[in-house]
Amino acid sequence: MTSEEILARFDSLKEFFSHGGITVTGGEPMAQIEFVTELFAKANARNIHTALDTSGVYFDRNNLAPIDKLLSVTNLVLLDIKHIDNLEHKKLTGHENKNILDFARYLSEKNIPVWIRHVIVPGITDKREELERLGQFLKNLKNINALEILSYHNMAISKYEKLGIGYPLRDTTNTTKEEAIKARDIILEAMR
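Bear in mind the structure is a predicted one, so any value in this text is a computation, not a measurement.

Caption draft 1: Structural detail: the packing of aromatic side chains. Within this structure, the stated rule accounts for three aromatic pairs. For the pair Phe 59 and Tyr 106, a centre-to-centre distance of 5.2 Å together with 40° between the ring planes defines the contact as tilted. Of this pair, Phe 59 sits in the loop between strand 2 (49-54) and helix 3 (64-71) while Tyr 106 sits in helix 5 (residues 98-109), placing them 47 residues apart in sequence. Take Phe 59: its relative accessible area is 1%, and that puts it in the buried class. Here the aromatic rings of Tyr 160 and Tyr 167 are separated by 4.8 Å at their centres, their planes lie at 85°, and the arrangement is edge-to-face. By relative accessible area, which is 31% here, Tyr 160 ends up partly exposed. Put simply, the rings of Phe 59, Phe 103 and Tyr 106 touch in pairs and so form one group of aromatic residues.

Next comes the structure, spelled out in structure tokens:
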């Protein structure tokens, strides 16, 4: 779809929205930074709120011009920090977290509102010391509007099976609401 087609669809449904706007998510939306920037610029011109749901993996301080252009038309960033430990992050996602954490710092420097999101995966992202490290990192950011601690679930197993792809976390149990709340409490305590 073109940016105009997306905005036309938004306009056709806006009477159903009491709040909100357009959120671009992924995959990774910053892989298509020019298009997202165009869409957000047009949305801003129409007073439509814009939110970027990203891992920040493509952030590069050596190439800030396209990022600054996107951020100038972004009202909110939903930033996924999958793991605070660089090596564990790479095992989990195939990418280091250095760009992601640097993007979080940059958003704070620019005072761009951010919601931090972290999924609690049993045995992978739920260790107390790592949750405390995440909280200690986050306490240095001045732009956090929300902290979302999300429960892991295995609802994607059937999708993977239909695609003939092995599900790497097949034996991982779902996170309970209580476990997610406990993890959030650990992070918040470390942020104080």
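Caption draft 2: Focus on the layout of surface pockets. Each pocket or cavity is described by its volume, and for the largest pocket that value is around 680 Å³. Lining the largest pocket are 20 residues, with Lys 82, Val 119, Val 121, Tyr 152 and Leu 169 positioned closest to its centre. At the level of elements, helix 4 (86-93), strand 4 (114-120) and strand 5 (144-151) are the ones that each hand at least two residues to the lining of the largest pocket. Broken down by element, the residue count for the lining of the largest pocket peaks at three residues, all from strand 4. Across the lining of the largest pocket, the residue classes tally to eleven nonpolar, five polar and four charged. Approximately 240 Å³ is the volume found for the second largest pocket. Breaking the lining of the second largest pocket down by element, the ones donating at least two residues are strand 2 and helix 4.

Calculation rules
- Residues numbered from 1 in each chain as written.
- Predicted model: local features only at pLDDT ≥ 70, side-chain atom pairs only at ≥ 80, totals over all residues.
- Heavy atoms only, no water.
- Phe/Tyr/Trp six-rings, centres within 6.5 Å; stacked < 30°, edge-to-face > 60°.
- Helix = DSSP H or I, 4+ residues; strand = E, 2+ residues; numbered from the N terminus.
- Buried < 20%, exposed > 50% of the residue type's maximum accessible area, 1.4 Å probe, protein only.
- 1 Å grid on protein atoms, 1.4 Å probe; cavity = no way out; pocket = protein on both sides within 12 Å on 5 of 7 lines; lining within 4 Å.
- Points joined across faces, edges and corners; volume = space filled by probe spheres on them.
- Nonpolar A, V, L, I, M, F, W, Y, C, P; charged D, E, K, R; others polar.

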